[in-house]
Amino acid sequence: MDLSRYQPGPPEQELARLADAVGGAAGELRALASRMRAVVGEEEAAVVEAHLELLRDPALLDPVRDAVADGEPAAPAWQRQVTGLNEQLAALSDAYQRDRARDVTEVGGRVLRRLVDQGEDARPDGAGDSTGGEPAVLVLDDLDVGTAATLDGAGVAGVVTLRGGATGHGVLVARARGFPVITGAGQDADVPDGTLLAVDARRQQLHVGPDEPTWRRLAELRESRRQRREQALAAAREPGRTADGVRVAVEANLGTVAEAGPAVAAGADGCGLLRTEVLFAGWRQTPTVAEQVQQLTVVAEALQGRPLTVRTWDVGGDKPLPFLPVPVAANPFLGVRGLRVFREAPGPLVDQLEAVCRVAARYPVRVLVPMVTTRAEVEWTLARLDEAAGRLPGGRPDGLEVGVMLEVPGAALRVAELSAGLDFVSIGSNDLTQYLLAAERGNPALAELADHADPAVLRLVRTVCQEVPDPVQVALCGDAASDPALAALLVGLGVRELSATAATVPDVKAVLRRSALPELEALARRAGQAGSAAEVRQLLEPLRD
């Protein structure tokens, strides 16, 4: 940002100016978080809450205050500190820490615009208001959360980023709001204003200046998809099953109380994954057992008798919780996270398990434990569950089902031993993919490599389905279940429970209704023999449109 016209004052005035800018930016973020919580959901709002935490970080604020007190003007002092911190983070070897550089840039820009009196008006054109004519495709270098949250549905037909991957926070928010997004288009999208663009986000294809036959084909495809979506919505409340009648539960991933009702309306057969770290993301103190029971009960009631799968605290890696701090690690995804957080201090986990038991005494509830690697960890968890259930007059409720997540490849390869005596296992496709392929799922540079459709991932899913002992059920949650064609392939591999985003539940059910199990099993065999994820996705094309 050009600071040549910035007019500095004496140190005390500059300190007040800095405080006003930081306070104003914090106000913007609080308003944005509230808007996102209402429109998109708690998980996306938590991203903005994390930006708020940056504005309270002494590592960012204190050096600027010291420099201003020593006579440096506020705007250049802030810009210098933000740039320096950004460069430090971007140079780190850990992808998770590097991703924080983007957050620092966005938060720093908000404060800097306040310092030079631009406020929130410096948004990309078309981000927050209609273009006044036909809806346009918004082309950006990258998509930040603030822009994604203020996209105007009447003025923006889609978004294309020149760089960045499919898992950036801004991209996830925009897609959750229903905008088609293509990421990392590079020079293909670096075109002058007014250029005709056609976006096929489902296939991540961008057509620049399409000719008349291409435009007509895309228009017909859009109409066909619209009709299929209407048909899927009309039949969404029917049970999930294949064309030849094989039952497949198609459930929804939930993170907030508010998401449960819409999930039921979308036809979800239950909740296959309740992210409790999202449900309580805004809490500064550990919720009591009674407070957890209250929140879980509201979700269970909203599901109207459908099963509720409660995942225990999944913190660490890219999931911080203020009341459950995790030690800083050089590689947090391979460090103390999930179940590992509680091995030395199990109190919060036991309290949560007690809350789950109390709700399970009245509603159909399952408990799911993340980041399990060994049978010893399973035994330890079952002992903690017995400890928690011992606090109830009747002990462990008869209907409570117990399962573990398969995210670690080593756990998946020993599933027969690991899952003995359990009711179900749930394959966490996001983490299993990143660990199996050594490709961090939040790193845009590795987006093409970290693909759930990679044949190695599919072979491991098949191994789990073949080796899990009876009567243990195999479920799968994560992004793979939200891709209708890939979800159908997973059923061909042996998965019988899918937990997807609520918005995709009708489409997943629709694809299954069009496919007989022998066809999906044959497709799965071909996919397992493919040489790449790209080949697998090519095999899935007949299921997509």
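Preceding this paragraph is the structure being described.
Here the structure is a predicted model, which is why all the values come from computation and not from measurement. (Residues numbered from 1 in each chain as written. Predicted model: local features only at pLDDT ≥ 70, side-chain atom pairs only at ≥ 80, totals over all residues. Heavy atoms only, no water.)

Moving on to the pairing of strand S8 (residues 308-311). Looking along a regular strand, one sees the side chains alternate between the two faces of the sheet. A two-sided burial pattern is seen for S8, the buried positions comprising Leu308 and Val310 on one face and Thr309 and Arg311 on the other. Where strand S7 (residues 271-275) meets S8, 3 bridges bridge the pair, whose relative direction is parallel. Residue pairing in the sheet places Arg275 in a bridge with Arg311 of S8. In terms of strand pairing, S8 meets strand S9 (residues 365-369) through 4 bridges, oriented parallel. Along S9, the bridge assignment pairs Arg311 with Leu368. (Buried < 20%, exposed > 50% of the residue type's maximum accessible area, 1.4 Å probe, protein only. Helix = DSSP H or I, 4+ residues; strand = E, 2+ residues; numbered from the N terminus. Pairing = 2+ DSSP bridges.)

A few words on the packing of helix H12 (residues 347-360) against helix H13 (residues 375-389). Pairs of packed helices are described in terms of their axes, by the angle between the two and the distance that separates them. Where H12 meets H13, the closest approach of the two axes is 8 Å, and the angle between their N-to-C directions is 60 degrees. Judged on the interaxial angle alone, H13 and H12 are oblique. In this structure, H12 crosses over H13, and the sense of that crossing is right-handed. The residues of H13 that touch H12, namely those facing Leu349, Val350, Leu353, Glu354 and Cys357, are Trp380, Arg384, Leu385, Glu387, Ala388 and Ala389. Of the residues in the contact of H12 with H13, the class split is 8 nonpolar, no polar and 3 charged. (Axes fitted to C-alpha atoms, helices over the stretch in contact; angles between N-to-C directions. Parallel < 35°, antiparallel > 145°, perpendicular 65-115°, else oblique. Left-handed = near helix turned anticlockwise from the far one by under 90°. Contact = heavy atoms within 4.5 Å. Nonpolar A, V, L, I, M, F, W, Y, C, P; charged D, E, K, R; others polar.)

A separate point is the sheet that holds strand S2 (residues 156-161). If you trace the 3 strands from one edge of the open sheet to the other, you get S1-S2-S3, paired in parallel fashion. Since the sheet does not close on itself, it has two edges, and those belong to strand S1 (136-140) and strand S3 (181-182), each with one partner. With 5 bridges joining them, S1 and S2 adopt parallel strand pairing. In the strand pairing of S2, Val139 is matched with Val160.

Attention now moves to the sheet that holds strand S11 (residues 424-428). Pairing is parallel around the closed barrel formed by 8 strands, whose spatial order is S6-S7-S8-S9-S10-S11-S12-S13. Recorded for the sheet is a direction-independent mean angle of 25 degrees between the axes of neighbouring strands. Across the sheet, helix H19 (residues 505-513) touches strand S6 (249-254) and strand S13 (497-500), and the angle it forms with S6 is around 160 degrees.

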